[in-house]
Amino acid sequence: MDRKRILLIVGGGIAAYKACELIRLLKKRGHTVRCVLTPAGAEFITPMTLAALSEQPVHTSLFDLKDESEMGHIELSREADLVVVCPGTANLIARMANGLCDDLATTLLLATDKPILVAPAMNVRMWQHPATRRNVARLRADDTVVMEPDEGIMACGEFGPGRLPESSVIVEAIERELARPIPARLLGVVAPPPPQGPLTGKRILVTAGPTHEPIDPVRYIANRSSGKQGFAIAGALAQLGADVTLVAGPVTLATPPGVTRIDIETAREMAAAVENALPADAAVMVAAVADWHVDAAATKIKKRADGTPPALALVQNPDILATVAHSARRPRLVIGFAAETNDVIAHARAKLTSKGCDWIVANDVSGDVMGGDRNSIHLVTTTGVEDWPELPKDQVAERLAQRIAQALTEQA
Ligand code: CTP
């Protein structure tokens, strides 16, 4: 089986020392084990032993500032593929069944979005007590796997079920759990269902942001695009139900909900990502693609002693919009943007023809549009020009998304 990550919670019982053998076997099978030791567990075994065997840091306290800054407890509970409690004492099982979270182990068990397996170990009467029976039944009803303990002579001298199962049997149970689909209850918390709308079932490609064209390992050519308008458009299209792929240049914006984002740096990387994202029903090319790149130097270019500046030989980048508009896999609707500082409409009309697209969204970037929050645009199509009032970028996005939905449904 593939290598998996296991979060092992070691409870406080005489069987705690058997966690060592379990770690050894799991590591031999190629899995990674990260241990959490409860305060009661630490009475039987030391964090140092677990750290040495697992070759990972051992977590013991919910309020450890150093641990928390390196890996928060929520992250710790989520990064594993399976949480294993071994040994699962009567006390730990009771606290789990009741949803208590007053220490690190129980907090992780409540916060995790991964399946949990408990290997119980306790005195026979404790295992058979109606309270433990109730707690185990409750945990099983909540999708936690509680193994049956072994039967035999116990450390306390009594006989019956309550012994920790053999380590090899626990490993088998762990691998069985790892191979099983994750229970629906755990999947449900990940993401809300995508919105349904007029664009449900439509694939739309959006490019956004600037591109960075390296000069050497520390310098690059860039432009002032913030990516705000393109990100807002991607988000507005997803809100109408579209399956949106956003190819984004280097920006510091959060991915809009429901959007699949592919980060790129250069125009050539953007061209490749766009090609990979086809076919699509529509393409909206909002990115401010750098027109040129240079053959980047492998090491930092140094200043010359005589003061002569280095010459940068600019090489034209591929025109991504024109390539998509003329490709065999051309989306039904191809929309370009035109950032202009003068003769906005005339330049936009020229671009509509030269790039072979259906619409050009033209904006005057002579003011502070690039990086700002408002935009005043003209929608140039083969049939005419619409002048939109100056609007916040998210309203421009919503209006454009509605127009795209209308066009794709009319054409369908
Ligand atoms: N565009 C592109 N690939 C390029 C350059 C531009 O896909 N290499 C796209 C932009 O995403 C935008 C449209 O083409 O949708 C127009 O971009 P703009 O920068 O206004 O035009 P350019 O083609 O670069 O022309 P110019 O700079 O000469 O105005």
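Note: the structure precedes this text.
The present account deals with the structure reproduced in this document. Since the structure is predicted, the reported quantities are computational estimates derived from the model, not experimental observations. (Residues numbered from 1 in each chain as written. Predicted model: local features only at pLDDT ≥ 70, side-chain atom pairs only at ≥ 80, totals over all residues. Heavy atoms only, no water.)

Examining the sheet that holds strand β8 (residues 203-208)
At step 1: Ordered in space as β12-β11-β8-β13-β16-β17-β19-β20, the eight strands form an open sheet in which the pairing is mixed. Strand pairing shows two members of the sheet lacking a second neighbour, β12 (260-263) and β20 (384-387), which therefore form its edges. Between one strand axis and the next, the sheet turns by 15° as a mean value, whatever way the strands run.
At step 2: Packing of helix α12 (residues 267-277) onto the sheet brings it into contact with β8, β11 (243-248), β12 and β13 (282-285), and relative to β8 it is tilted by some 175°.
At step 3: Of the strands in this sheet, β16 (333-340), β17 (359-364), β19 (377-381) and β20 touch helix α14 (residues 344-355), which is tilted by about 150° from β17. (Pairing = 2+ DSSP bridges. Helix = DSSP H or I, 4+ residues; strand = E, 2+ residues; numbered from the N terminus. Axes fitted to C-alpha atoms, helices over the stretch in contact; angles between N-to-C directions. Contact = heavy atoms within 4.5 Å.)

Some points on the site of the ligand
At step 1: As a matter of local geometry, the ligand sits amid 14 residues, with Met 285, Ala 287, Leu 321, Lys 351 and Lys 355 nearest to it.
At step 2: Here an oxygen atom of the ligand sits 2.6 Å away from a polar atom, N or O, in the main chain of Met 285.
At step 3: Here Leu 321 contributes a backbone N or O atom positioned 2.7 Å from an oxygen atom of the ligand.
At step 4: Protein contacts shield 77% of the accessible area of the ligand, which totals 560 Å² for the unbound molecule.
At step 5: Residue assignment for the shell around the ligand shows that the elements contributing at least two residues are α13 (320-325), β16 and α14. (Near = heavy atom within 4 Å. Polar contact = N/O pair within 3.5 Å; in protein donor to acceptor, adjacent residues only side chain to side chain. Areas by Shrake-Rupley, 256 points an atom, 1.4 Å probe, with all protein chains shown as cover.)

Description of the packing of aromatic side chains
At step 1: For the coordinates displayed, the defined rule picks out zero aromatic pairs.
At step 2: Above the ring of Trp 127, the side-chain terminus of Arg 133 is found at 4.5 Å from the ring centroid.
At step 3: Directly above the ring of Trp 359 sits Arg 403, whose terminal nitrogen or CZ lies 5.5 Å from the centroid. (Phe/Tyr/Trp six-rings, centres within 6.5 Å; stacked < 30°, edge-to-face > 60°. Lys NZ or Arg CZ within 6 Å of the ring centre and 35° of its normal.)

Observations regarding the packing of helix α1 (residues 18-28) against helix α9 (residues 167-179)
Between two packed helices, the angle of one axis relative to the other and the distance separating the axes together describe the packing.
At step 1: For the pair α1 and α9, the least separation of the axes is 9 Å and the interaxial angle reads 50°. Accordingly, the angle class assigned to the pair α1 and α9 is oblique. Every pair of crossing elements has a handedness; the one defined by α1 and α9 is right-handed. Of the residues in α9, those in contact with Lys 18, Glu 21, Leu 22, Leu 25 and Leu 26 of α1 are Ser 167, Ser 168, Ile 170, Val 171 and Ile 174.
At step 2: Of the residues that constitute the contact of α1 with α9, the class distribution is six nonpolar, two polar and two charged. (Parallel < 35°, antiparallel > 145°, perpendicular 65-115°, else oblique. Left-handed = near helix turned anticlockwise from the far one by under 90°. Nonpolar A, V, L, I, M, F, W, Y, C, P; charged D, E, K, R; others polar.)

Focus: the sheet that holds strand β4 (residues 116-120)
At step 1: Within the open sheet, the five strands sit side by side as β2-β1-β3-β4-β5. Their pairing is parallel. What marks the edges here is a single partner per strand, and that holds for β2 (32-37) and β5 (145-146).
At step 2: Two strands pair when backbone bridges link them, and strand β1 (residues 5-10) and strand β3 (residues 82-88) are joined in this way by four bridges, in the parallel orientation. Following the sheet pairing, Leu 8 is matched in β3 by Val 84.

A look at helix α8 (residues 130-141)
One turn of the α-helix equals 3.6 residues, which is why residues spaced by three or four share an orientation.
At step 1: The first and last C-alpha atoms of α8 sit 16 Å apart over twelve residues, in line with the 16 Å expected at 1.5 Å per residue.
At step 2: Those residues of α8 lying buried are Thr 132, Asn 135, Val 136 and Leu 139. Within α8, the buried residues cover an arc of 95° as seen down the axis, which keeps them to one side. Within α8, the exposed residues directed more than 90 degrees away from the buried face are Pro 130, Arg 134 and Ala 141.
At step 3: Those residues of α8 that are buried lie in contact with α5 (90-97), α7 (124-128) and β5.
At step 4: The first or second residue beyond α8 is Asp 143, which carries a positive phi of 80°. (Expected span 1.5 Å × (residues − 1). Buried < 20%, exposed > 50% of the residue type's maximum accessible area, 1.4 Å probe, protein only. Arc of directions from axis to C-beta.)

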